[in-house]
Amino acid sequence: MTPSAVSPISAGAASARCRILVPEKVSQDGLALLTPHFDVHLKPGLTPDELKTIIPGYHGLIVRSETTVTADVLKAGRKLKVVARAGVGVDNIDVPAATGQGIIVVNSPSGNILSAAEHTIALLLATARNVGRADASVKDGRWERSKLVGVEVGRKTLGIVGLGKVKAVDPYANADMAQQAGVELVPELRDLLVDVDFLTIHTPLMATTMDLIGESELRTMKKTARVLNVARGGVYNEAALLKALDEGWIAGAGLDVFTSEPPTADSATERLARHLRVVSTPHLGASTVEAQENVSMDVCTQVLEILRGGPPTSAVNAPIILPEEYRKLQPSVQLVEKMGRLYTQHFVKSKRGTVGGRRFELIYHGDLSCMPNTKPLYAALVKGLVASISDSNINIVNAALIAREKGIVINETYARQAHDSTYSNRVTLRSVAEGDESSGEQLIEGYTSDKHFYISRLDRFNAAFIPQGTLIILHNYDEPGKIGGVGMALGSHGINIRFMQVASLGVESTKPQMENEALMILGVDGEVDDDLLDELRKADGVLNVSLVRL
């Protein structure tokens, strides 16, 4: 595993080329980044059933706003590693369902900002000066100057939901930063509504923003106020907005987005879109050549990086990892996953236990203790711990969720005060039974050096081996003839020994009754069967035997 949001495609899959489905029109500038490396299939106009039918064959999915990526689609997409939204909003993607399956969701939060902002200003001016009605009347052969008197925008108050300039309400905005930008933050939405001449919404559509502006909010506004929406249909209650326009609570609206697109016939949405006091556009906020190129390049670059095992830059459901952090963490992530696999197979499976109900502590030493983002290490441990008992797709997207489901508690500790000059990237994995500190701890320690990783301690024993391949680990009394006897047993079963190491007890573990204990760690080639393991367990002086496949 690399320190990425998702595991890289395996060599076998890569040789067959990954497949990416694009069911909507996406700028070719971005897709051109993908076609040399992957099979990109453009299939516009897919029905929901057709999408669900063909998605099992794809590793990536790139959509815009027309395709709804439901939980059923994601469940059917057994190979999916990434779903990319070529735009800002992801309300057409079931993000929690994607997270549960370890599928990363990315978007392009900045690719169409300028286009959407410009369209907001266009609607603001159009509503202020009745541009839509004036254009229609002239085209119809009428000249109605007296009926189309507008208002000036200058010296008026603009209210922004989702942070902007002038006055704004945004529960997530930093007050100091807003002040530095010349923004007056208003504590409550209602405090904003009573003052503004124009109101513009710039929020995603979610449970907390659905019907954000309803009848009670519209009634508090000035009769001369105008509202704008270039965000998402649904943040205004359309029936309430229609009533407000009909009864004169507000003066007008500029709307680019609606709850149904195109508006359903004979619906409140259609009546709103056709209203004389509304300037309506067909979701054009991001519809500029530049914006389409920007978002396509952005998300396709992320898809390319993710399917190669790298980190995203705009993940909706995963922490962002900077490229420099990514490079520094890579060897340690591989080490921690190996430590998790070693733990489960040596301490748990050999004793027929479970990893659930235990509390784990990852302790970072040296340079690792100063890393700002260790989520990939956390995810690597979860993946390693459950790898031999579950085939779940585990990565930084869903690692915490999987840990909770398995009853695994993991704490991270940063030992910044004790810099280890010998091993600058040292990791300690400590485990105790949850709620029972007296039951004794289990411990694995390792370090990385020059992009290689090593295990330096296994429980009470000092060690120095690379955790890879098939290992047989014997806990035994360190007596003459033990090595020869083990070698003969393996030879009789056709098992070749690649390396062998005898790990001695650490100084702090040495007690009279334990001082002749040791671990014999053997790297082997060949198929190790239960008969061989039983033979080794029955040998005199052998306390325990575990088989570890890394």
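Every residue gets a number counted from 1 within its own chain, in the order that chain's sequence is written. With the structure being a predicted model, the display of local features is reserved for residues of pLDDT at least 70 and the display and counting of side-chain atom pairs for 80 or more, all residues being used for whole-chain, interface and lining totals. Note: side-chain values were computed over all heavy atoms of the structure, leaving out hydrogens and water.

Where an unreviewed UniProt entry is consulted, the chain appears under the name D-3-phosphoglycerate dehydrogenase, with the organism given as Hirsutella rhossiliensis. UniProt positions are given in the numbering used here, feature names are shortened, and annotations may be inferred rather than shown by experiment. Check the Subunit (unreviewed entry) section of the UniProt entry for the chain; it says "Homotetramer." Quoted verbatim from the Pathway (unreviewed entry) heading of the UniProt record, the comment on the chain is "Amino-acid biosynthesis; L-serine biosynthesis; L-serine from 3-phospho-D-glycerate: step 1/3."

Caption draft 1: Fine view of helix H6 (residues 113-129). The terminal C-alpha atoms of H6 lie 24 Å apart, and with 17 residues this matches the ideal 24 Å at 1.5 Å per residue to within 8%. Of the residues making up H6, those classed as buried are Ser115, Ala116, His119, Thr120, Leu123, Leu124, Ala126, Thr127 and Ala128. To qualify as a helix, a DSSP run of H or I must reach at least 4 residues; to qualify as a strand, a run of E must reach at least 2; elements of each kind are numbered from the N terminus. Any helix carries an expected span of 1.5 Å times its number of residues minus one. When a residue's accessible area, from a 1.4 Å probe over protein chains only, is under 20% of the maximum for its type it is buried; when over 50% it is exposed; and in between it is partly exposed.

Caption draft 2: Inspection of the packing of aromatic side chains at higher detail. Stacked, edge-to-face and tilted labels apply to pairs of Phe, Tyr and Trp rings (six-membered ring for Trp) whose centres lie within 6.5 Å, assigned for plane angles under 30 degrees, over 60, and everything in between, in that order. By the definition in use, this model includes four aromatic pairs. Taken together, a centroid distance of 5.1 Å and an interplanar angle of 80° make the contact between tyrosine 343 and phenylalanine 360 edge-to-face. One end of the pair, tyrosine 343, is in helix H14 (residues 323-348); the other, phenylalanine 360, is in strand E13 (residues 358-365), and 17 residues separate them in sequence. Assigned by exposure class, tyrosine 343 and phenylalanine 360 land together as buried. For the pair tyrosine 447 and tyrosine 454, a centre-to-centre distance of 5.2 Å together with 25° between the ring planes defines the contact as stacked. Take tyrosine 454: its relative accessible area is 21%, and that puts it in the partly exposed class. Through a chain of ring-to-ring contacts, three or more aromatic side chains come together here, namely Tyr343, Phe347 and Phe360. Taking NZ or CZ as reference, lysine 375 lies 5.9 Å from the ring centre of tyrosine 378, over its face. Lysine and arginine charges are scored as sitting over a ring when NZ or CZ, respectively, is within 6 Å of the ring centre and within 35 degrees of the ring normal.

Caption draft 3: Expanded view of empty space enclosed by the protein. Here a cavity means grid points, on a 1 Å grid over the protein atoms only, where a 1.4 Å probe fits yet cannot get out; a pocket means an open set of points with protein on both sides within 12 Å along at least five of seven lines; lining residues are those with an atom within 4 Å of a point. Grid points are joined across faces, edges and corners, and a volume is the space filled by probe spheres set on the points. In total, this model carries one cavity of 30 Å³ or more according to the counting rule given. Approximately 50 Å³ is the volume found for the largest cavity. The wall of the largest cavity is formed by Asn229, Gly233, Gly234, Tyr236, Glu238, Leu241, Leu255, Val257, Phe258 and Leu272. Note on residue categories: nonpolar means Ala, Val, Leu, Ile, Met, Phe, Trp, Tyr, Cys or Pro, charged means Asp, Glu, Lys or Arg, and polar means any other residue, Gly included. In terms of residue class, the lining of the largest cavity is made up of six nonpolar, three polar and one charged.

Caption draft 4: Spatial organisation of the sheet that holds E13. Two strands qualify as a pair provided DSSP detects at least 2 bridges between them. The six strands lie next to each other as E14-E13-E15-E16-E17-E18, forming an open sheet whose pairing is mixed. Every interior strand has two partners, whereas the edge strands, strand E14 (409-415) and strand E18 (461-465), have only one. Within this sheet the neighbouring strands show an average axis-to-axis angle of 20°, counted without direction. As judged from the six bridges shared by strand E16 (residues 442-449) and strand E17 (residues 452-458), these two strands associate in the antiparallel manner. Across the sheet, threonine 448 pairs through a bridge with phenylalanine 453, a residue of E17. Contact between two residues is taken to exist if any of their heavy atoms lie within 4.5 Å; hydrogens are not considered. Axis angles are defined between N-to-C directions and span 0 to 180 degrees, where every axis is a line fitted to C-alpha atoms and, for a helix, only to the segment in contact. Lying on the sheet, helix H15 (residues 375-386) is in contact with E13, E14 and strand E15 (426-433); it crosses E13 at an angle near 140°.

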